[in-house]
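Structural overview
So you can see what is in the structure, the chains are spelled out below.
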Number of protein chains: 2
Amino acid sequence: MAIYDKRRDKIYDWMARENIAMVMIEDCENRRDPALRWLSGQPSDGLFFMSVDRKNLLVPWDINMAMLYSQCDTVVPYSEFDRRPAKALKGAAEFLKVPAGSRIEIPSAIPYPLFLKYVEEITDYDILCRDNGVDLEIEKDRAVKDEEEISIYRKVSAMTCELTALLEKNVASGKLKTEMDVALFIETEARKRGCEGTGFNTLAAGPERSFGIHAFPPYTAGAFGTAGMSILDYGLKYMGYTSDATLTFAREPLVKQQEKMISLVEKAHSLAVSMIGKGVSCRAIALAVDAYFAKSKKTMPHALGHGIGLQAHEAPSVRSRADNEWVLEPGMIVTIEPGLYDPVLGGCRLENDVLITETGADVLTNSKIIRL
Amino acid sequence: MAIYDKRRDKIYDWMARENIAMVMIEDCENRRDPALRWLSGQPSDGLFFMSVDRKNLLVPWDINMAMLYSQCDTVVPYSEFDRRPAKALKGAAEFLKVPAGSRIEIPSAIPYPLFLKYVEEITDYDILCRDNGVDLEIEKDRAVKDEEEISIYRKVSAMTCELTALLEKNVASGKLKTEMDVALFIETEARKRGCEGTGFNTLAAGPERSFGIHAFPPYTAGAFGTAGMSILDYGLKYMGYTSDATLTFAREPLVKQQEKMISLVEKAHSLAVSMIGKGVSCRAIALAVDAYFAKSKKTMPHALGHGIGLQAHEAPSVRSRADNEWVLEPGMIVTIEPGLYDPVLGGCRLENDVLITETGADVLTNSKIIRL
């Protein structure tokens, strides 16, 4: 309970400062939000209400699961509200004794047409839906991992390192021959180690398919690790938290332009990691890598990196767009994943997870470009 | 191309009737929409613009993938618009020569705060965001499968039937002993048959965990098919389309209440399937099953079924909520999946996919409650 109380306390304090009487967090099929799990322990599918007088209420889709996992003041099954969010919101406001006329904030992901329905149906309160409101506050809090989370990351990173070493060995020896072999090996090893599974669809793309930023389909029965460049992008999910690692397997013969791509990606990765530290602008790191590639007339078609946590992609963003204002803080964990792609030559990406510390950076994973 | 042209033609016609000059379809990480694939061939991650004068433009995140898969008039990489949707929308309106002052419809899933930004940034047009607009039109079109889609469903259903028979055999023989064994067997067999993968996370829950509507985690290294009731919910994804089947494996000894649950679920399934046909109200079928369970003082904590297609859950809804107005039409494919769950006794669910025909119903899958 303590960890959830600590997280909720920050939000309660923020609500008091912002004069918000109640907030709603929603995780549902079309709008996933791990803030539900982060604040309540419920892994998925439910509404979570918090009132400024420091009470909370979980409205889960699956009451049996809530009894097992959630750590909340009160749990009321969603069926009590006919599984209708606006009805649940009204019920929660009543239960939590939210005074009429006060401000209630709903998730920033609520679609515009649905927002209009909330406002129409809920007339006793001032309904807010903002992208700089409670969701941004939670996003900022979640971006800096607490001690519990860092301890989980120590474990999931160690498992990822171990698995990466096994993957290198087994692809080199020819034990894992196809994209499917590699992907299912990861699924099996993940569960042997007590992981919930993988953090996202494993992307295993042999030389024929590695030109895609995100290979489609994610993996097939086709060859992996044959001549050319194969990309493997995978993450383990442990206690909700995902690692995120990308290896490139490069097998001879390689043409000169492929060697050039590999060398550029390796150097871009080193450059980015060397820049990481407390107080550093995320955008500055991404711009440096963009500039480095530009010197060789190359363009990276995706962001340099992103935070990881309960989501495979979360704050802070490590990209070069002008609106990226994130600054690295101790406790943040980001990926650094430079990559170059060519429809004929194939693709090459190298990705590691980096914890920002008081004194610098701690590279948690051991991904590299593996020569076969 | 023909199939995409046919689908787009319907939307162009609708746009003319509704006086909409341009529509935008969006598939991105936080808002998946298979309408992108359905209309353009691009599997994921992009914006698709259609103008009422029957021209279209794809703005993909991954240009290499678009070159391989998309079937559109024009393709312009997202990077040309700095990967900013509002900028891409403005660029598309210009490219497609949409007259200033006309109506442009954006996706109904656009969050309220983002909608405000679109409206602020795009001043030359009247921006619409409606839940009864283009998305509903596409949803209705997609609910009734065309010949191409039905032919894909014949194939994916045949593969699912074959795999279900193998699963029955291999769980019975003890070859597949754990949740993970079962789930990874499915992943392997899916790819051997040329599937893109599974349609959703396979849920394999042994007797200890089958009480959860959607087991969490989806599968573990724990035992499957041991004494009591185990649930297996899986789908194969072939050419984008997913099947959706749920088996219950029941092994002796079973207590009387478990036998009762099994019998109720089997009979509810038969009742629902017997009602299916052209012109039948989806809600009426769901209400009949609710009433059947209620006679034994049981409640089903989820909907009776749903449409399947490019999404595991799509229109039509087969649930008993008062606002469900869907009526079955030939070409629709729905799941029928009654289930009962108990934190002590475990859960039991039986799910098959049913194609509505001119003369009745065609049960495409062969799921059953398997006695071990």
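Reading guide: rules and limits
Residues numbered from 1 in each chain as written. Chains lettered and ligands numbered in written order. Predicted model: local features only at pLDDT ≥ 70, side-chain atom pairs only at ≥ 80, totals over all residues. Heavy atoms only, no water. Helix = DSSP H or I, 4+ residues; strand = E, 2+ residues; numbered from the N terminus. Rg over C-alpha atoms; globule rule 2.2 N^0.38 Å. Areas by Shrake-Rupley, 256 points an atom, 1.4 Å probe, with all protein chains shown as cover. Lys, Arg positive; Asp, Glu negative; His and termini not counted. Charge placed at Lys NZ, Arg CZ, Asp CG, Glu CD. Phe/Tyr/Trp six-rings, centres within 6.5 Å; stacked < 30°, edge-to-face > 60°. Buried < 20%, exposed > 50% of the residue type's maximum accessible area, 1.4 Å probe, protein only. Lys NZ or Arg CZ within 6 Å of the ring centre and 35° of its normal. Pairing = 2+ DSSP bridges. Axes fitted to C-alpha atoms, helices over the stretch in contact; angles between N-to-C directions. Contact = heavy atoms within 4.5 Å. pLDDT = per-residue confidence, 0-100. Buried area = accessible area lost by both parts, 1.4 Å probe. Salt bridge = Lys/Arg side-chain N within 4 Å of Asp/Glu carboxyl O. Polar contact = N/O pair within 3.5 Å; in protein donor to acceptor, adjacent residues only side chain to side chain. Nonpolar A, V, L, I, M, F, W, Y, C, P; charged D, E, K, R; others polar.

All right, on to the overall build of chain A then. Counting secondary structure elements, chain A contains 10 helices and 20 strands. Relative to the 2.2 N^0.38 estimate, which gives 21 Å for 372 residues, the radius of gyration of chain A is 23 Å and therefore close to what a compact globule would have. Here chain A displays about 14500 Å² of accessible surface, and carbon together with sulfur accounts for 52% of that area. Separation between the mean location of the 45 positive side-chain charges and that of the 53 negative ones in chain A comes to 5 Å.

In this structure the tally under the stated criterion is 11 aromatic pairs over all chains. Centre to centre, the rings of Y69 of chain A and F216 of chain B are 5.1 Å apart; their planes meet at 85 degrees, and the pair counts as edge-to-face. Of this pair, Y69 of chain A sits in helix α3 (residues 63-69) while F216 of chain B is found in the loop between β8 (203-205) and β9 (228-234), placing the two residues in two different chains. We classify Y69 of chain A as partly exposed; its relative accessible area is 28%. Each member of the aromatic cluster is reached from another via a ring pair, and the members are Y112 and F115 of chain A together with Y112 and F115 of chain B. The ring of Y4 of chain A has R7 of chain A sitting right over it, with the charged end atom 5.7 Å from the ring centre.

For the rest of this paragraph, the subject is the sheet that holds strand β20 (residues 369-371) of chain A. All names here are of chain A. Reading across from one edge, β8-β9-β12-β20 is the order of the 4 strands in this open sheet, with mixed pairing throughout. The two strands at the open ends of the sheet, each matched to only one other strand, are β8 (203-205) and β20. Strand-to-strand twist across the sheet, computed as the mean angle between neighbouring axes with direction ignored, equals 15 degrees. Where strand β12 (residues 245-251) lies against β20, 3 bridges are found, and the strand directions are parallel. Among the inter-strand pairings, T248 is bridged to a residue of β20, identified as I369. Across the sheet, helix α9 (residues 256-275) touches β9 (228-234), β12 and β20, and the angle it forms with β20 is around 140 degrees.

Below, the discussion takes up the confidence of the model for chain A. As a general rule, the predicted coordinates of low-pLDDT regions are not to be interpreted in detail. Confidence in the prediction of chain A, expressed as mean pLDDT, is 96, and 100% of residues score 70 or more. Per the prediction output, this complex has pTM 0.93; the corresponding ipTM is 0.91.

Interface size is commonly expressed as the accessible surface area that is lost when the partners come together. With 51 residues of chain B at the contact, the number on the chain A side is 51 residues. Across the interface of chain B and chain A, roughly 4200 Å² is buried in total on both sides, 60% from carbon and sulfur atoms. Its largest share of buried area at the contact with chain A, chain B owes to Y112, R191 and F216 of chain B, together 17% of the area lost on that side. Our count for the contact surface shared by chain B and chain A stands at 4 salt bridges. Here R84 of chain B ties to D323 of chain A by a salt bridge, and the two come within 3.7 Å at their closest N and O atoms. Viewed at the interface, chain A and chain B are joined by 20 residue pairs in polar contact (both at pLDDT 80 or more). Counting only elements with at least two residues in the side of chain B that touches chain A, the list comes to α3 (63-69), α5 (112-121), α8 (179-192) and β16 (339-342) of chain B. Split by residue class, the side of chain B that touches chain A holds 27 nonpolar, 9 polar and 15 charged.

Mapped onto the elements of the fold, E196 of chain B is located in the loop between α8 and β7 (197-198). Here E196 of chain B falls in the buried class, since its relative accessible area comes to 11%. Within the structure, the side chain of E196 of chain B is placed 2.5 Å from the side chain of R37 of chain B, a separation counted as a polar contact. There is a polar contact of 2.9 Å between the side chain of E196 of chain B and the backbone nitrogen of G240 of chain B. Excluding its chain neighbours within four sequence positions, the residues that come into contact with E196 of chain B are F216, P217, P218 and Y219 of chain A together with R37, R191, K237, M239 and G240 of chain B.

What follows concerns the sheet that holds β7 of chain B. Residues and elements named next belong to chain B. Strand order in this open sheet of 3 strands is β7-β10-β11, and the pairing throughout is antiparallel. Only two strands of the sheet have a single neighbouring strand rather than two, namely β7 and β11 (241-242). In terms of strand pairing, strand β10 (residues 236-238) meets β11 through 2 bridges, oriented antiparallel. Bridge assignment links K237 to a residue of β11, and that residue is T242.

A side chain with one charge can pair with a side chain of the opposite charge if their charged atoms come near. Residue and element names in this part refer to chain A. Enumeration according to the criterion identifies 58 salt bridges over all chains in this entry. Linking E196 and R37 is a salt bridge whose minimum nitrogen-to-oxygen distance equals 2.5 Å. Of this pair, E196 sits in the loop between α8 (179-192) and β7 (197-198) while R37 sits in helix α2 (residues 35-40), placing them 159 residues apart in sequence. A single burial state applies to E196 and to R37, both of which are buried. A cluster of three or more residues bridged by salt bridges with shared partners is formed by E162, E189, K192 and R193.

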